[in-house]
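# Summary of structural features
Here is what each chain is made of, one letter per residue.
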Amino acid sequence: MSRLAALVMAALGVAIAGCDQPEMRFQPKYSTYDEAARWPDNQAARQPVAGTVARDQRLEPLARTLPVALDRRLLDRGQERYEIFCSPCHAASGYGNGMVVQRGFPAPPSLHSERLRDAPLRHFVDVITEGFGVMYSYRDRVPMEDRWAIAAYLRALQLSQQIPYDTLSAAQHSRLETDTREAP
Ligand code: HEC
């Protein structure tokens, strides 16, 4: 063995032995869920400082009502996104018996209930953003603009099942009365 190699081996030996020193192997530290008497709540896991924001967090306040024009393009986009992200559970019809539910996932409530027909569009946006009960959040898959598009489409879907009679035109009334087809 050359001199140099011997020197390197000796240095490595010292370095490895160094790691074995008790004061290096056992360093005082907290694990995430340890108790920690040094803080008043006795928890090692600390909360972020008040006012901390995530790098990708949007800081403008979230609109309370539809912030974009309600037009055909928006509804088409909403329908497309709904059918991709929501229909696996809520079903294309909104009654809640989608394919994932037929395979055992807890059934969501019907989107045609009186409570959800009365809910503001913002409620749907909040549910998509935050999740709701066992339904997880779609924040990272559905961008904010699409959440509003889906919410607007949900309202159209609700109307498709229960449109108030007096909002229909006279022509539609007479069509309703003469239409003898069975309801599906
Ligand atoms: C994996 C299944 C699943 C998917 C996908 C899903 N949901 Fe849900 N959703 C649920 C379940 C289950 C509930 C009921 C949760 C509970 O009450 O614990 C629910 C509840 C809801 C509610 C009712 C909230 C209330 O006030 O009662 C709305 C509105 C809703 N979902 C909208 C959506 C929209 C919009 C999408 C698509 C972006 C979506 N969901 C995707 C399963 C799903």
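Position numbers for residues start from 1 in each chain and track the written sequence from start to end. Local features in a predicted model are, by the rule used here, given only for residues with pLDDT of at least 70; side-chain atom pairs are given and counted only at 80 or more, and totals for whole chains, interfaces and linings are based on all residues. Each side-chain value is derived from all of the structure's non-hydrogen atoms; neither hydrogens nor water enter the calculation.

Attention now moves to the coordination of the iron atom of the ligand. Ligation of the iron atom of the ligand by protein atoms is provided by H90 (NE2) and M135 (SD), these donors lying 2.0 to 2.2 Å from the ion. Geometry at the iron atom of the ligand is octahedral, judged from its six donor atoms and the angles of 85 to 178 degrees they form at the metal. Remark: M135 occurs in the loop between α7 (121-130) and α8 (144-161) and H90 occurs in helix α4 (residues 87-90); sequence separation between them is 45 residues. For each residue, the accessible area found with a 1.4 Å probe, counting protein chains only, is set against the maximum for its type, and the residue is called buried under 20%, exposed over 50%, and partly exposed in between. With relative accessibility at 13%, the residue H90 sits in the buried group. Owing to a relative accessible area of 23%, M135 belongs among the partly exposed residues under this scheme. Any N, O or S atom lying within 2.8 Å of the metal counts as a donor, with the limit raised to 3.2 Å for Na, K and Ca; because water is left out of the atom set, some sites can appear incomplete. Only two sets of limits are used to name each site, 85 to 135 degrees for every angle of a tetrahedral four-donor site, and over 155 degrees for opposite donors with all other angles from 65 to 115 for a square planar four-donor or octahedral six-donor site, with any other site named irregular. Under the scheme used here, helices are H or I runs from DSSP no shorter than 4 residues and strands are E runs no shorter than 2 residues, and both carry numbers assigned from the N terminus.

Turning our eyes to something else, we now look at the site of the ligand. Being near a molecule or strand, for a residue, comes down to having at least one heavy atom within 4 Å of it. Taken together, the neighbourhood of the ligand is formed by 22 residues, with C86, C89, H90, R115 and M135 sitting nearest. Polar contacts here mean pairs of N or O atoms no more than 3.5 Å apart (in protein, one a potential hydrogen donor and the other a potential acceptor; neighbouring residues in sequence count only if both atoms are side-chain atoms). At 2.7 Å, a side-chain N or O of H90 approaches a nitrogen atom of the ligand. For the shell around the ligand, the secondary-structure elements that each account for two or more residues are α4, α6 (114-118) and α7. If you tally residues by element for the shell around the ligand, the top one is α7, at four residues.

The next thing to look at is the packing of aromatic side chains. Aromatic rings from Phe, Tyr and Trp, with only the six-membered ring used for Trp, were paired whenever their centres fell within 6.5 Å, and each pair was classed as stacked if the ring planes differed by under 30 degrees, edge-to-face if by over 60, and tilted otherwise. In the structure shown here, the tally under the stated rule is five aromatic pairs. Ring centres of F85 and Y138 lie 6.2 Å apart, and the angle between their planes is 70 degrees; on these two criteria the pair is classed as edge-to-face. On the criterion of sequence distance, the pair formed by F85 in helix α3 (residues 72-85) and Y138 in the loop between α7 and α8 is long-range, its members being 53 residues apart. A residue is classified by how much of its surface remains accessible, and Y138, at 13% relative accessible area, is buried. Considering the side-chain rings of F105 and Y136, the 6.5 Å spacing of their centres and the 70 degrees angle between planes classify their relative orientation as edge-to-face. Of this pair, F105 sits in the loop between α5 (99-102) and α6 while Y136 is found in the loop between α7 and α8, placing the two residues 31 residues apart along the sequence. Given the relative accessible area of 30%, F105 is considered partly exposed.

Turning our attention to the pattern of salt bridges. Whenever Lys or Arg places a side-chain nitrogen within 4 Å of a carboxyl oxygen from Asp or Glu, that contact is recorded as a salt bridge. Scanning the entire structure with this criterion turns up eight salt bridges. Where R81 meets E80, a salt bridge forms, and the shortest distance between an N and an O atom there is 3.0 Å. Take R81: its relative accessible area is 17%, and that puts it in the buried class. Here D126 ties to R122 by a salt bridge, and the two come within 2.9 Å at their closest N and O atoms.

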